Amino acid sequence: MTYAELQRLYQLPFFELLQQARAVHEQHWPENEVQLCTLLSIKTGGCSEDCGYCAQSARYSTGVQAERLLDTEEVMVRARQARATGSTRFCMGAAWKGVRKGTAKFDQVLDIVRSVSTLGMEVCVTLGELGEDEARDLKEAGVTAYNHNIDTSPEHYPSIVSTHTFEDRLKTIRHAQDAGMSVCSGGILGLGEQSGDRLRMLEILSEFNPQPESVPINALMAIRGTPLQDQTKVDAFEMIRVIAVARIAMPRAKVRLSAGRTHMSAEAQALAFFAGANSIFYGDKLLTAANPRANEDMALLAQLGLKAQQPNPDLSAPEPDFSKPMSPAADGCVMTEEAVHSCGCGDL
Ligand code: SAM
Ligand code: DTB
Ligand code: SF4
């Protein structure tokens, strides 16, 4: 969709925009479903890159400690738990600039992917930069979607990140597409961008060929210690407008209401679902930052009469085995909006 078309939509009176987005949504997504995706940080912290929003960059003192790459069984425990609690997509993130074929860490990721892909969920990974070979190996191992966000406009990107370029991001996305993986790509609001940057971001995403299979829209979780720690919170109406425009511009994409839901009221989230969001990260933690509690999300979906998306029958897998151990319970753990440990304890 052209910039001018996106701008015309973005500037519509709020309810007109919502009505248009709703019509597109009902036409393409009549099921009244929301996909639940579980996120797991399989390699936390210590990243070489300087993304100004990120709790995991080694350049900032955010309180997030660098940890080792999880082993396959540790990940499988979390993946089985995710499936048992209704997630149909399991997304694994690693705090790396990228991955290279022939390294022990890449082999370990492939091993994790092979195992997780037996469980019948969509398997998404976000590992940073990929070359053609790495993309092919990931696809062969069972990755269904590669997450690589463009984050903002190409014009604003250099004020947020200096250690890689916007063009580098596009190259990785092309490699993922060429290897036959679906692409999950979106961005973050609240990076000090203008509304024009948001529209440029949507313009570029909507012009991918094919369009992204999913589009995460994150609101900045301002992390203490990062250059963006004092950014003001994203206005919920702005977030909903961007979701509505994304829905119209990319009718077949899952639009994921991603980071930042802890700052949104239940009513604002309901409007975001009305405007076309049909996927969320589900579970008490994102990668390092807080997410709404799973039971609150369940209650919200029930209140709105929305159903959790059912597993894809094409991704056949045995029934959940409830005898397997669950990951450590987060019961009683107080999550905050700051970065928290990846052990799930909730400590800062
Ligand atoms: N290292 C990989 C990369 O950069 O693509 C994968 C992990 S990275 C944490 C994944 C995405 O999470 C980023 O592209 C960004 O859109 C989002 N993200 C990271 N920190 C965030 C924050 N503080 N608030 C909102 N979104 C954030
Ligand atoms: C995406 O767009 N958002 C998720 C996922 N893709 C990997 C990550 C959100 C991270 C929020 C900050 C944190 O947890 O450190
Ligand atoms: Fe590293 Fe990704 Fe964080 Fe950037 S967003 S610092 S590449 S983990």
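See the structure above.
Residues numbered from 1 in each chain as written. Chains lettered and ligands numbered in written order. Predicted model: local features only at pLDDT ≥ 70, side-chain atom pairs only at ≥ 80, totals over all residues. Heavy atoms only, no water.

J.: Honestly, the pairing of strand 7 (residues 214–219) in this entry has me stumped. Any pointers?
T.: When a strand is regular, its side chains alternate between the sheet's two faces. For strand 7, the tally of buried residues reaches 6 of 6 residues, placing the bulk of the element in the interior. Where burial is concerned, the two faces of strand 7 agree: the one with Ser 214, Pro 216 and Asn 218 and the one with Val 215, Ile 217 and Ala 219 are both buried. Here strand 6 (residues 187–189) pairs with strand 7 via 3 bridges, running parallel. Of the residues in strand 7, the one forming a bridge with Leu 189 is Ala 219. With helix 8 (residues 195–206) bridging strand 6 and its parallel neighbour strand 7, the resulting β-α-β unit is right-handed. A crossover links strand 7 with its parallel partner strand 8 (residues 254–257), the connecting element being helix 9 (residues 236–249), and its sense is right-handed. (Buried < 20%, exposed > 50% of the residue type's maximum accessible area, 1.4 Å probe, protein only. Helix = DSSP H or I, 4+ residues; strand = E, 2+ residues; numbered from the N terminus. Pairing = 2+ DSSP bridges. Right-handed = clockwise from strand over helix to strand, strands pointing away.)

J.: How do you make sense of the packing of helix 2 (residues 14–28) against helix 9 when you look at a structure like this?
T.: Each pair of packed helices can be summarised by the angle the axes make with each other and by the distance between the axes. The N-to-C vectors of helix 2 and helix 9 enclose an angle of 40°; their axes lie 9 Å apart at closest approach. When the axis of helix 2 is compared with that of helix 9, the two are oblique. The handedness of the crossing between helix 2 and helix 9 is left-handed. Mapping the contact onto sequence places Phe 14, Leu 17, Leu 18, Gln 20, Ala 21, Val 24 and His 25 in helix 2 and Phe 237, Ile 240, Arg 241, Ala 244, Val 245, Arg 247 and Ile 248 in helix 9. (Axes fitted to C-alpha atoms, helices over the stretch in contact; angles between N-to-C directions. Parallel < 35°, antiparallel > 145°, perpendicular 65-115°, else oblique. Left-handed = near helix turned anticlockwise from the far one by under 90°. Contact = heavy atoms within 4.5 Å.)

J.: Mind showing me how you'd approach the site of ligand 1 here?
T.: Residues in close proximity to ligand 1 total 17 residues, the closest being Tyr 53, Asn 149, Asp 151, Arg 169 and Met 221. A distance of 3.0 Å separates an oxygen atom of ligand 1 from a polar side-chain atom of Arg 169. Between a nitrogen atom of ligand 1 and a main-chain N or O atom of Met 221, the distance comes to 3.0 Å. Relative to its free-state accessible area of 550 Å², ligand 1 is covered by the protein chains to the extent of 89%. Counting atoms within 2 Å of the grid points, the majority share of ligand 1 lands in the largest cavity. Here the shell around ligand 1 is composed, by residue class, of 10 nonpolar, 5 polar and 2 charged. (Near = heavy atom within 4 Å. Polar contact = N/O pair within 3.5 Å; in protein donor to acceptor, adjacent residues only side chain to side chain. Areas by Shrake-Rupley, 256 points an atom, 1.4 Å probe, with all protein chains shown as cover. 1 Å grid on protein atoms, 1.4 Å probe; cavity = no way out; pocket = protein on both sides within 12 Å on 5 of 7 lines; lining within 4 Å. Sits in = over half its atoms within 2 Å of the grid points. Nonpolar A, V, L, I, M, F, W, Y, C, P; charged D, E, K, R; others polar.)

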